[in-house]
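# Topology and contacts: notes
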Amino acid sequence: MNVPYWVVDLAQRFWTAAGMVEGLPRNMERAVAASGMLSVLHRERLTVATIRHWLEKMGIAHPLNVPDRPLRACLVACEGTGVAFIDSTDSENERRFSLAHELAHFFRDHLAPREAITRRIGAAAIPILDGKRRATPGERVRAWCTRTDLGVHVHLMDRTVVRVQVRDAEENADRLAFELLAPAANVFQRASDAAAAVEVLIDVHCLPVVQAEHYASLLFPPPRMDPLLARLRLAPSEATP
């Protein structure tokens, strides 16, 4: 499998910012602290209400108009920095993956849009993202035309509920989280098929079972059958005379 360039690039950018490459399994919390990109807060039985209360306490205006529900993690990001909330009641492996997943969202869904806005609208538009001024009519038009979001970023994560409109973002965040925790090149050195990869991802990289199985299926996808052969296989056999 060819690993997407953006995945390798962002993973390398993170480890450069952290000034280290952690051993296996990755100590993501230590690496994130070294990078200075995110603060990590652990909360017992994390919920949407927990995040809403924290936003209100910090004086951050955000219309968090979603029903309360349990969360594994949540990212709140603004002005190029962020806070990752992690449910402290999860297992160590789940917490490790949750933090890597939120870090991936920070790169893809917060830093990348800021870079895009600088390119498409101009650096003068950055204060709009940070809530320091309103967008001008012209900036709103350019944002709409370029599908650019202007606002504080809050990402809620409940891996048991993934809606269609956010599926791509979730899959991309998972893909980068996988590379951060278990670089594809490392897995290929240790495994030659999906079954072996699952064992490596669980035993060496300490991924949760569900994520290990999903990542292994990406690294070692099942062979695709030729469409014509598939149709022939499904076609009813002719009766012999």
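Here, every reference points to the structure presented above.
These notes cover the structure that comes with them. (Residues numbered from 1 in each chain as written. Predicted model: local features only at pLDDT ≥ 70, side-chain atom pairs only at ≥ 80, totals over all residues. Heavy atoms only, no water.)

### Quick look at the nonpolar core
For clarity, the threshold we go by: As used here, the term nonpolar core means buried Ala, Val, Leu, Ile, Met, Phe, Trp, Tyr and Cys residues forming a set that is joined through side-chain atoms within 4.5 Å. Each residue is assigned to one of three classes by its accessible area relative to the maximum for its type, calculated with a 1.4 Å probe on protein chains only: buried under 20%, partly exposed between the two thresholds, exposed over 50%. We count a stretch as a helix when DSSP gives it H or I for four or more residues in a row; a strand needs E for two or more, and each element gets its number in order from the N terminus. Should any heavy atoms of two residues lie within 4.5 Å, those residues are counted as being in contact.
Counting 45 residues, the largest nonpolar core has Phe14, Met28 and Tyr215 as the members making the most contacts within it. No other element matches the 8 residues that helix α4 (residues 92–120) contributes to this core. Those residues in contact with Tyr215 that sit more than four places away from it in its chain are Arg175, Phe178, Glu179, Ala182, Pro183, Ala184, Val187, Leu201 and Leu207. Grouped together as the second largest cluster of nonpolar side chains are 11 residues, Leu55, Leu71, Val76 and Phe85 included.

### Side note on helix α3 (residues 48–58)
Cut-off, in case you're wondering: An arc is given here, and it is the one of the directions from the helix axis to the C-beta atoms.
If you check which residues of α3 are buried, you get Val48, Ile51, Trp54 and Leu55. In an axial view of α3, the angular spread of the buried residues amounts to 125°, which keeps them on one side of the axis. For α3, the exposed residues set more than 90 degrees away from the buried face come down to His53, Glu56 and Lys57. Directly beyond the C-terminal end of α3, a positive phi value near 70° is found at Gly59.

### A look at the pattern of salt bridges
For clarity, the cut-off: Criterion for a salt bridge: a side-chain nitrogen of Lys or Arg within 4 Å of a carboxyl oxygen of Asp or Glu.
The final tally for this structure, using the stated rule, is 5 salt bridges. The closest approach of N and O atoms between Arg30 and Glu22, which form a salt bridge, is 2.7 Å. Arg96 is paired through a salt bridge with Glu92; the nearest N and O atoms lie 3.4 Å apart. A residue pair is termed a helical-turn pair when its members lie 3 or 4 positions apart in one helix, as Arg96 and Glu92 do in helix α4 at 4 residues.

### Details of the pairing of strand β2 (residues 73–78)
Just so we agree on the cut-off: Pairing between strands is defined by DSSP: at least two bridges between the two strands are required.
Counting buried residues along β2, 5 of its 6 residues qualify, which places the element largely inside the surrounding structure. Connecting β2 to the antiparallel partner strand β3 (residues 81–87) that follows it, the hairpin turn spans 2 residues, and Glu79 within it adopts a positive phi of roughly 55°.

### Regarding the packing of aromatic side chains
Short version of the rule: By convention, a stacked pair of Phe, Tyr or Trp rings (six-membered ring in the case of Trp) has centres within 6.5 Å and planes under 30 degrees apart, an edge-to-face pair has planes over 60 apart, and any other such pair is tilted.
Scanning all chains against the criterion turns up 5 aromatic pairs. The interplanar angle of 80° and the centroid separation of 5.1 Å between the aromatic rings of Trp54 and Phe85 together place this pair among those described as edge-to-face. Taken together, the positions of Trp54 in helix α3 and Phe85 in strand β3 put the pair 31 residues apart, joining distant regions of the chain. With a relative accessible area of 0%, Phe85 lands in the buried category. Their ring planes at 10° and their centres at 4.5 Å tell us that Phe178 and Tyr215 sit as a pair that is stacked. Taken as a pair, Phe178 in helix α7 (residues 167–181) and Tyr215 in helix α10 (residues 209–219) lie far apart in primary sequence, 37 residues in all. When its relative accessible area of 0% is taken as the criterion, Phe178 is described as buried. Members of the aromatic cluster, connected to one another through ring pairs, are Phe97, Phe178 and Tyr215.

### Overview of helix α2 (residues 28–35)
Among all positions of α2, only Met28, Ala31, Val32 and Ser35 are buried. Within α2, the buried residues cover an arc of 100° as seen down the axis, which keeps them to one side. Where α2 ends, the next residue or the one after it, Gly36, has phi of about 75°, a positive value.

### What to know about unusual backbone geometry
A negative phi angle characterises most non-glycine residues, just as the trans form characterises most peptide bonds. Note that the residue after Leu24, namely Pro25, is joined by a cis bond; omega there is -5°. Assignment of secondary structure puts Pro25 in the loop between α1 (5–18) and α2. Despite not being glycine, Cys206 has its phi angle at roughly 60°, a positive value. Among the secondary structure elements, Cys206 is positioned in the loop between α9 (194–203) and α10.

### Topic: the side chain of Arg26
Keep this limit in mind: Under the counting rule used here, the positive set is Lys and Arg, the negative set is Asp and Glu, and His together with the chain ends is not counted. N or O atoms closer than or at 3.5 Å make up a polar contact, with two conditions inside protein: a donor-capable atom paired with an acceptor-capable one, and, for residues adjacent in sequence, both atoms drawn from side chains.
Tracing the backbone shows Arg26 in the loop between α1 and α2. Buried charge without a partner: Arg26 forms no salt bridge, and the closest opposite charge is Glu22, 7.0 Å away. A distance of 2.3 Å separates a polar atom in the side chain of Arg26 from the backbone oxygen of Glu22. When neighbours within four sequence positions are excluded, Arg26 is seen to be in contact with Trp15, Val21, Arg96, Leu180, Leu181 and Pro183.

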